[in-house]
Amino acid sequence: MILENLEEVNKRIISACKKAGRDPKEVTLIAVSKTKPSSMIEEVYGAGIRAFGENKVQELCEKYKELPQDIRWHMIGHLQRNKVKQILGKAELIHSVDSLRLAEQIEEDAAKLDLTVDILLEVNVAEEESKFGFKLEETEDAILKIATFPHVRIKGLMTIAPFVENSEENRSIFKKLRQFYVDMQSKNIDNINMSMLSMGMTGDYEIAIEEGATLVRVGTGIFGTRYKIGENEV
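This section reports on the structure supplied with the text. Remember, it's a predicted structure, so these values are computed and weren't measured experimentally. (Residues numbered from 1 in each chain as written. Predicted model: local features only at pLDDT ≥ 70, side-chain atom pairs only at ≥ 80, totals over all residues. Heavy atoms only, no water.)

**Details of the overall build of the protein**
From N to C terminus, the protein includes nine helices and eight strands. Relative to its length of 234 residues, the protein is compact, with a C-alpha radius of gyration of 17 Å against a globular reference of 17 Å. For the protein, the spread of C-alpha atoms along the principal axes amounts to about 45 × 40 × 35 Å. In the protein, which comprises 234 residues, the share counted as buried stands at 51%. Sequence-distant contacts in the protein: of pairs separated by 6 or more residues, those separated by 24 or more amount to 58%. In the structure as shown, the protein presents an accessible area of about 11,400 Å², 47% of it carried by carbon and sulfur atoms. For the protein, the distance from the average site of its 32 positive side-chain charges to the average site of its 39 negative ones is 1 Å. (Helix = DSSP H or I, 4+ residues; strand = E, 2+ residues; numbered from the N terminus. Rg over C-alpha atoms; globule rule 2.2 N^0.38 Å. Buried < 20%, exposed > 50% of the residue type's maximum accessible area, 1.4 Å probe, protein only. Contact = heavy atoms within 4.5 Å. Areas by Shrake-Rupley, 256 points an atom, 1.4 Å probe, with all protein chains shown as cover. Lys, Arg positive; Asp, Glu negative; His and termini not counted. Charge placed at Lys NZ, Arg CZ, Asp CG, Glu CD.)

Structural data, given as structure tokens:
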């Protein structure tokens, strides 16, 4: 069932790219494997997927040890400052840098390890109280400050759109972030390589792709419904 789901997701990604006049190679599928056992991840890995997303630091660290070393782990969940050092050197990309204080902590811990850490800034475009992230109008100022950190490299932006029944309702959210992303690209800020736009989950990734997403985070669309109650579906 997982491989059938994956095939369907890949078909939809290709279809959305075609509709938007984009090359499917511009879009990376991140299989969100939170709460899923290693056996299920290995099945998806066997089908050629190498990018996997985790929400919790402990789970990412455990799977990093258990699974093949060529997996590219993405930290997509809220990251507490006291756990930053645990994932440095393990996560290829941290999508969820949602405050200046967190970026400062990453800089401090990365400096001790002499690492350069790739991050995305999480932008709460819809300004939902239940979500983390910078407000859109705060983001440029944050980018300019973080651009001065020698051990942190901003690669782009991320957002989590509201949970809606009709994915079209999120188009304006994705469009707004894409426009801001393009504006930031045009400013050519030193130490900023604005090349990644992480938008779209199981319910709305096709709309996100049409609006310019380069990374889509799909969990239930591949692995099926999780058993934990009360979490937003990815």
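There is more to say after this.
**Some points on the environment of A47**
Following the sequence through the fold, A47 ends up in the loop between α2 (38–46) and β2 (51–54). Classification of A47 as partly exposed rests on a relative accessible area of 43%. Each C-alpha atom, one on A47 and one on L6, is 8.5 Å from the other, the two residues being 41 residues apart in sequence. Residues within four places of A47 in sequence aside, it is in contact with L3 and L6.

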